[in-house]
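Chain by chain, the residues:
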Amino acid sequence: MALAVAGKVAAEMATKDLLRFITCGSVDDGKSTLIGRLLHDSKLIFDDQLSALVRDSERHGTVEDDIDFALLVDGLEAEREQGITIDVAYRFFATARRSFIVADTPGHEQYTRNMATGASNADLAIILVDARKGVLVQTRRHSLICSLLGIRHVVLAVNKMDLVGYDQGTFDRIVAEYLPFGVQLGFKSIVPLPISARFGDNVIRAGNTPWYTGPSLLDYLEQVEVEGEAFDQPFRFPVQWVNRPNLDFRGYAGTVVSGTIGPGDPVVVASSGKTSRIRELLTYEGPQTSARAGDAITITLTDEVDIARGDLLVTPQSRPEVSDQFAAHVIWMSDHDLVPGRSYLARIGTRTTAVTVTGIKYKVDVNTREHLATHTLGLNDIGVCNLATGMPVAFDPYRENRRTGSFIIIDRFTNHTVGAGMIDFGLRRGTNLHWQPLLIGKAERSAIKRQRAAIVWFTGLSGSGKSTIANIVEQRLHAMGHHTMLLDGDNVRHGLNRDLGFTEADRVENIRRSGEVAKLMTEAGLIVLCSFISPYAAERIAVRNLVGEGEFVEVFVDTPLEECMRRDSKGLYAKARAGKIKNFTGFDAPYEAPETPEIHLRTLEAPAEAMADMVIGELTRRQIISPH
Amino acid sequence: MQGGTNPPREALPGHLKRLEAESIEIMREVAAEFSKPVMLYSIGKDSSVMLHLAVKAFHPAPLPFPLMHVDTTWKFREMIAFRDRTVERVGANLIVYVNREGVERGIGPIASGSSLHTHVMKTEALKQALDLHGFDAAFGGARRDEEKSRAKERIFSFRSPGHIWDPRNQRPELWNLFNTRINAGESIRVFPLSNWTELDIWHYIMLENIPVVPLYFAKPRPVVRRAGTWIMVDDERLPMEPGEAPEMRLVRFRTLGCYPLTGAIESDATTLDDILAEMRTARVSERQGRLIDSDEASSMEKKKREGYF
């Protein structure tokens, strides 16, 4: 059935487009009520949903003798019970002209991350203000977040006009107070509207406000022109998936994030600088004559170029920045504070790479916009940071391109999304620092020693027996004629790391430096035995990633805390118990046990000599040393 | 199946084009990031659209993952026939999984009630099937407009070992940057149709000429009145109440599931255009025809936490 024979309903919908918006406001400003009202008055609430609503209103409702529309959107049980919105909810409605996706987000400060999530994909924000309370701290916070996330169009919905007698003076005063602030934030349009979500004034139909001559909220949402897709911006195409069904076809599947492209147009792989031309723009419907922002396509090129997932194809006329260091606004989303120096993962475009926050310039007070000095970012903090990635990445400033300028930060250990970032600009300081190529490498240096270079990393609680076992292992290896080095946590702290303490950040830096030293020694061809408590999994993974596959052998010296405390060979547990040492691992600081160590030594089961034998056996099995 | 007969791209209105591209992007993301994905294929209209989008996403390559149908053994016969035709037409790999232990225990919608039947034959069966094959990502055709707790679910929805969903501890999902990282034993449920509405689905089916199960179109069918809705007598397993006899009524289905649990509506909508016109005036949501959702308050959220799709 083609469109021509389709009927009236389909014809009406043929020119429809999509608007994504977010509603924000503080907890009692009536966001959910407004959405419920929009859905109800545009007849998008079905009868069975309405009767469920009446049932729920009687049970949980906060509005007397009335249907509580908020219950319609607060979907989780906990939300209905507590009468608050916890998470982002997406609601859908449509008119003849437009489809709408609404992100309903919580207003509390502790849910800043949820608001940022809702705003990240929105074209427009409705900022609700209670007419009785006027512009509040929250109003400013929500506006700032919307602005940071790149929203350019704002509706200032002055709600609960019924409670101020639909008074024009009240409305005008609020608008006059908001406008200068909103203009500072760089919004392209700010449209003030007096409404009553509870009674429906100016939501869909004109309300009890004869002095207001503008459109109703829905009229405005139907008509507002937003940027939508970035057709006029430079061409950007992150390669998502290489489509290679057979030897004769090699296509790059992905979605055009900005610009327009056609067959024959030149393209550049941003990170490598390799060039080619578009041969075909393929979709299921066949080759296309052009593709533009928002189109999911498969590109074939005229040349064989080395391209993989994560690469960004761009127009040669306007290239993105390529750098391994940049400055960005970061929103922290985890209960665990950001640790500068720790290796996280960043997802930027279709590329995943290691990322480290190398410095926090300042934290933004979301209520006053003041810049505050800080060493870390906690949950819901927004900071301006310098970051370094594991490899050079291609990006545009977020202000110019939301899709190529955004990234998320993932914790390596928990895999949680712990942060979101918006790139401000690249830092090119490192550009003139090049690698000096060396003619003799790790392989040559270790071959002459008849061994394979490796890091053997002993981790475990204080007093678990790490150093004891490592020392025996080194004696054995030495006796076998192997070239070794033993790095001990205590010893390193006397020199290289004597400026470091025992806070989480200092522990991270301690391991980072020690890992780098161990890596240098493997490049010298040595078998490097490292004995460090190293309580955090993320840092152990970071060291593992410094060296090649199979060159990092993690040895978990597994001694129960009670046993370590009983031995207390250095008397440290006694001091910790007496409160003389802070942040003592296992006591008042965490130890993240390895989940899949290469060698797991349960020390209660056998003496240290037997443990050392197990390590030697495993090193032999892994062909780091050859059997004797 | 090169789509030469499909209408040109311009036929899609802007909002459907955006939804289509978003779904394709999600599917490609899964193919690129996971080692063993699977597409849960439940035969209904949403699955039809999801499968159609998948074929588009990977063209000209074949689907890089199998389809899987968790069969409760109580689906409409026409659904099973349609499933087998579709799989052949698309050339996909289909896994059919039945919880044999449930069958042996005699679990069924009539003998055991909808709640136990759904738990054992759908939720438990699904978990068994996912574990058996070791799938690390599973596509589902759920939409956020279907139900309140679905409205809060992520597009890439994390499941801890045991397939548990923790709605209070979901990963934030910003822009189109999906966090696909999991440890061994964990998995992700992926919902590429999250942002589609029921109307979008039908509109797209019409414009793209996508085959759907004939049960969606009105036809005289043998039905009995149960719990305020029409239940089709699809085979001899549906026991008649004393004095009850099937009558022929012009009915159709808005959603499809186990036939004794799926209510039909009286309708004369025999074409896609009729269906769209009918939806314009519909006053009840599609899930109202499902007897399983109203078992208890918050029942969908509860089922989902336990591993239901």
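Our subject is the structure listed above.
As the structure is a computational prediction, the values presented were derived from the model and not from experiment.

Parameters and conventions
- Residues numbered from 1 in each chain as written.
- Chains lettered and ligands numbered in written order.
- Predicted model: local features only at pLDDT ≥ 70, side-chain atom pairs only at ≥ 80, totals over all residues.
- Heavy atoms only, no water.
- Helix = DSSP H or I, 4+ residues; strand = E, 2+ residues; numbered from the N terminus.
- Buried < 20%, exposed > 50% of the residue type's maximum accessible area, 1.4 Å probe, protein only.
- Contact = heavy atoms within 4.5 Å.
- Areas by Shrake-Rupley, 256 points an atom, 1.4 Å probe, with all protein chains shown as cover.
- Core = buried A, V, L, I, M, F, W, Y, C linked by side-chain atoms within 4.5 Å.
- Pairing = 2+ DSSP bridges.
- Axes fitted to C-alpha atoms, helices over the stretch in contact; angles between N-to-C directions.
- Parallel < 35°, antiparallel > 145°, perpendicular 65-115°, else oblique.
- Nonpolar A, V, L, I, M, F, W, Y, C, P; charged D, E, K, R; others polar.
- Left-handed = near helix turned anticlockwise from the far one by under 90°.
- Phe/Tyr/Trp six-rings, centres within 6.5 Å; stacked < 30°, edge-to-face > 60°.
- Lys NZ or Arg CZ within 6 Å of the ring centre and 35° of its normal.
- Arc of directions from axis to C-beta.
- Disulfide = S-S within 2.5 Å.
- Salt bridge = Lys/Arg side-chain N within 4 Å of Asp/Glu carboxyl O.

**Student:** So what about the overall build of chain A? Which residues, and what values?
**Tutor:** For chain A, the count of helices and strands is 17 helices and 28 strands. Residues counted as buried form 56% of the 628 residues belonging to chain A. The long-range fraction of contacts in chain A, counting pairs at least 24 apart against all pairs at least 6 apart in sequence, stands at 72%. Of the roughly 26,600 Å² of accessible surface on chain A, a fraction of 51% belongs to carbon and sulfur atoms.

**Student:** Help me get a handle on the overall build of chain B, residues and values and all.
**Tutor:** Scanning chain B for helices and strands turns up 9 helices and 10 strands. By sequence separation, contacts in chain B at least 24 residues apart represent 73% of the contacts at least 6 residues apart. For chain B, the exposed area adds up to about 11,000 Å²; of that, 51% sits on carbon and sulfur atoms.

**Student:** I'd like to hear about the nonpolar core, residue by residue, with values.
**Tutor:** In terms of nonpolar packing, the biggest core is built from 77 residues, with Met-27, Val-49, Phe-156, Trp-196 and Trp-202 of chain B touching the most fellow members. Here Trp-202 of chain B is in contact with Lys-45, Val-212, Tyr-216, Leu-272, Ile-275, Leu-276 and Met-279 of chain B, once residues within four sequence places are set aside. Judged by nonpolar contacts, the second largest core, of 50 residues, contains Val-88, Ala-119 and Val-364 of chain A together with Leu-174 of chain B.

**Student:** Residues and numbers for the sheet that holds strand 24 (residues 454–459) of chain A, please.
**Tutor:** Whether parallel or antiparallel, the strands of a sheet pair through hydrogen bonds between backbone atoms. Residues and elements named next belong to chain A. Strands sit in the order 25-26-24-27-28 across an open sheet of 5 strands; the sheet is parallel. Looking at which strands have only one partner, the edges of the open sheet turn out to be strand 25 (484–488) and strand 28 (599–602). Sheet twist, expressed as the average angle between the axes of neighbouring strands with direction ignored, equals 15°. Bridge count for strand 24 against strand 27 (residues 552–558) is 5 bridges, and the pairing is parallel. From the neighbouring strand, Val-456 faces strand 27, where its bridge partner is Val-553.

**Student:** Can you lay out the packing of helix 1 (residues 14–33) of chain B against helix 7 (residues 198–208) of chain B for me, pointing to particular residues and giving the numbers?
**Tutor:** Helix-helix packing: each pair is described by the crossing angle between the helix axes and the interaxial distance. Residues and elements named next belong to chain B. Contact geometry for helix 1 and helix 7: axes closest at 11 Å, N-to-C directions at 95°. The angle between the axes of helix 1 and helix 7 places the two elements in the roughly perpendicular class. Across the interface between the two elements, His-15, Leu-16, Leu-19 and Glu-20 of helix 1 pack against Asp-200, His-203, Tyr-204, Leu-207 and Glu-208 of helix 7. In terms of residue class, the contact of helix 1 with helix 7 is built from 4 nonpolar, 2 polar and 3 charged.

**Student:** Lay out the pairing of strand 17 (residues 321–332) of chain A in plain terms, naming residues and giving numbers.
**Tutor:** All names here are of chain A. Among the 12 residues that make up strand 17, 9 are buried, leaving the element largely enclosed by the rest of the structure. Judged from the 10 bridges that link them, strand 17 and strand 21 (residues 382–395) form a sheet pairing that is antiparallel. In the sheet register, His-329 faces strand 21, and the bridge partner there is Val-384. For strand 17 and strand 23 (residues 417–426), the ladder comprises 7 bridges, and the chain directions are antiparallel. Note on strand 23: the bridge partner recorded for Val-330 is Gly-421.

**Student:** Break down the side chain of Glu-244 of chain B for me, citing the residues and quoting the values.
**Tutor:** Note that Glu-244 of chain B resides in the loop between strand 8 (229–232) and strand 9 (247–252). Non-local contacts of Glu-244 of chain B, meaning those with residues more than four positions away in its chain, are made with Val-224, Arg-225, Arg-226 and Pro-239 of chain B.

**Student:** Describe the sheet that holds strand 8 of chain B, listing the residues and the values that go with them.
**Tutor:** Around the barrel, which closes on itself, the 4 strands sit in the order 7-8-10-9 (chain B) with antiparallel pairing between neighbours. The mean inter-strand angle of the sheet, taken between neighbouring strand axes irrespective of direction, is 70°.

**Student:** Kindly report on the packing of helix 11 (residues 466–479) of chain A against helix 17 (residues 608–621) of chain A, identifying the contributing residues and their values.
**Tutor:** All names here are of chain A. At a minimum axis separation of 9 Å, helix 11 and helix 17 run at an interaxial angle of 55°. As summarised for this structure, helix 11 and helix 17 are arranged oblique, according to the angle between their axes. Crossing of helix 11 against helix 17: the hand is right-handed. Residue-level inspection shows Thr-468, Ile-469, Ile-472, Val-473, Arg-476 and Leu-477 of helix 11 in contact with helix 17, the latter providing Ala-608, Glu-609, Met-611, Ala-612, Asp-613, Val-615, Ile-616 and Leu-619.

**Student:** I'd like a description of the packing of aromatic side chains, backed by residues and values.
**Tutor:** Tallied over the entire structure, the rule returns 23 aromatic pairs over all chains. Relative to Trp-211 of chain A, the ring of Phe-171 of chain A has its centre 5.5 Å away and its plane inclined at 45°; by these criteria the two rings are tilted. Placement of Phe-171 of chain A in helix 8 (residues 168–184) and of Trp-211 of chain A in the loop between strand 6 (189–194) and helix 9 (217–223) is noted, with a sequence separation of 40 residues between them. By relative accessible area, which is 22% here, Trp-211 of chain A ends up partly exposed. Each residue in the set Trp-241 of chain A together with Phe-58, Phe-65 and Phe-139 of chain B is aromatic and connected to the rest through ring pairs, giving one cluster. Against the face of Tyr-536 of chain A rests Arg-342 of chain A, its NZ or CZ located 4.8 Å from the ring centre. Stacked on the ring of Trp-74 of chain B, the Lys or Arg Arg-237 of chain B has its end atom at 3.8 Å from the ring centre.

**Student:** Residue-level account of helix 8 (residues 272–281) of chain B, with values.
**Tutor:** Of all the positions in helix 8 of chain B, only Leu-272, Ile-275, Leu-276, Glu-278 and Met-279 of chain B are classed as buried. Across the axial projection of helix 8 of chain B, the buried residues extend over an arc of 165°, all falling on one side.

**Student:** Got a sec to walk through the state of the cysteines? Specific residues and values, please.
**Tutor:** All names here are of chain A. Tallied over the entire structure, the rule returns 0 disulfides over all chains. Between Cys-24, a cysteine without a disulfide, and Cys-146, which holds the nearest cysteine sulfur, the sulfur-to-sulfur distance is 3.9 Å. Note on Cys-24: relative accessible area 1%, which makes it buried. Unpaired in this structure, Cys-564 has its nearest cysteine sulfur neighbour in Cys-530, at a distance of 20 Å. Residue Cys-564 is classed as buried on the basis of its relative accessible area, which comes to 0%.

**Student:** Break down helix 7 of chain B for me, citing the residues and quoting the values.
**Tutor:** Across the 11 residues that make up helix 7 of chain B, a large majority, 11, are buried. Among all positions in helix 7 of chain B, only Glu-198, Leu-199, Asp-200, Ile-201, Trp-202, His-203, Tyr-204, Ile-205, Met-206, Leu-207 and Glu-208 of chain B are buried.

**Student:** How would you sum up unusual backbone geometry? Please name residues and give values.
**Tutor:** Residues and elements named next belong to chain B. Omega for the peptide link from His-59 to Pro-60 comes to 5°, which places this bond in the cis form. If you check the backbone angles, Trp-175 has positive phi at about 45° while not being a glycine. Along the chain, Trp-175 turns up in the loop between strand 5 (156–159) and strand 6 (187–190).

**Student:** For the environment of Ala-291 of chain A, give the residues involved together with the corresponding values.
**Tutor:** Residue and element names in this part refer to chain A. Mapping Ala-291 onto the fold places it in strand 14 (residues 291–292). The spacing of Ala-291 and Val-154 is 137 residues in sequence and 30 Å in space, taken between C-alpha atoms. When residues no more than four places from it in sequence are discounted, the contact partners of Ala-291 are Val-256, Gly-259, Thr-260, Ile-261, Leu-281 and Ile-297.

**Student:** Account for the environment of Asn-179 of chain B, with residues named and values stated.
**Tutor:** Of note, Asn-179 of chain B is situated in the loop between strand 5 and strand 6. The class of Asn-179 of chain B is buried, set by a relative accessible area of 6%. In this structure the C-alpha to C-alpha distance between Asn-179 of chain B and Glu-266 of chain B, which are 87 residues apart in sequence, comes to 44 Å. Those residues in contact with Asn-179 of chain B, other than ones at most four positions away along the chain, are Ile-408, Ile-410, Asn-415, His-416 and Thr-417 of chain A together with Phe-156, Arg-171 and Ile-188 of chain B.

**Student:** Lay out the pattern of salt bridges with the relevant residues and their values.
**Tutor:** Under the defined criterion, the tally for this structure stands at 47 salt bridges over all chains. The shortest N-O distance in the salt bridge between Glu-208 of chain B and Lys-56 of chain B comes to 2.7 Å. Separated by 152 residues along the polypeptide, Glu-208 of chain B in helix 7 and Lys-56 of chain B in helix 2 (residues 45–58) bring together distant segments of the chain. Lys-56 of chain B carries the same exposure label as Glu-208 of chain B, and that label is buried. Notably, a salt bridge pairs Glu-153 of chain B with Arg-159 of chain B, separated by 3.1 Å at the nearest N-O pair. Put simply, Asp-130, Arg-132, Lys-133 and Lys-160 of chain A are held in one network by salt bridges that share partners.

Any functional reading would require information that these geometric values do not contain.
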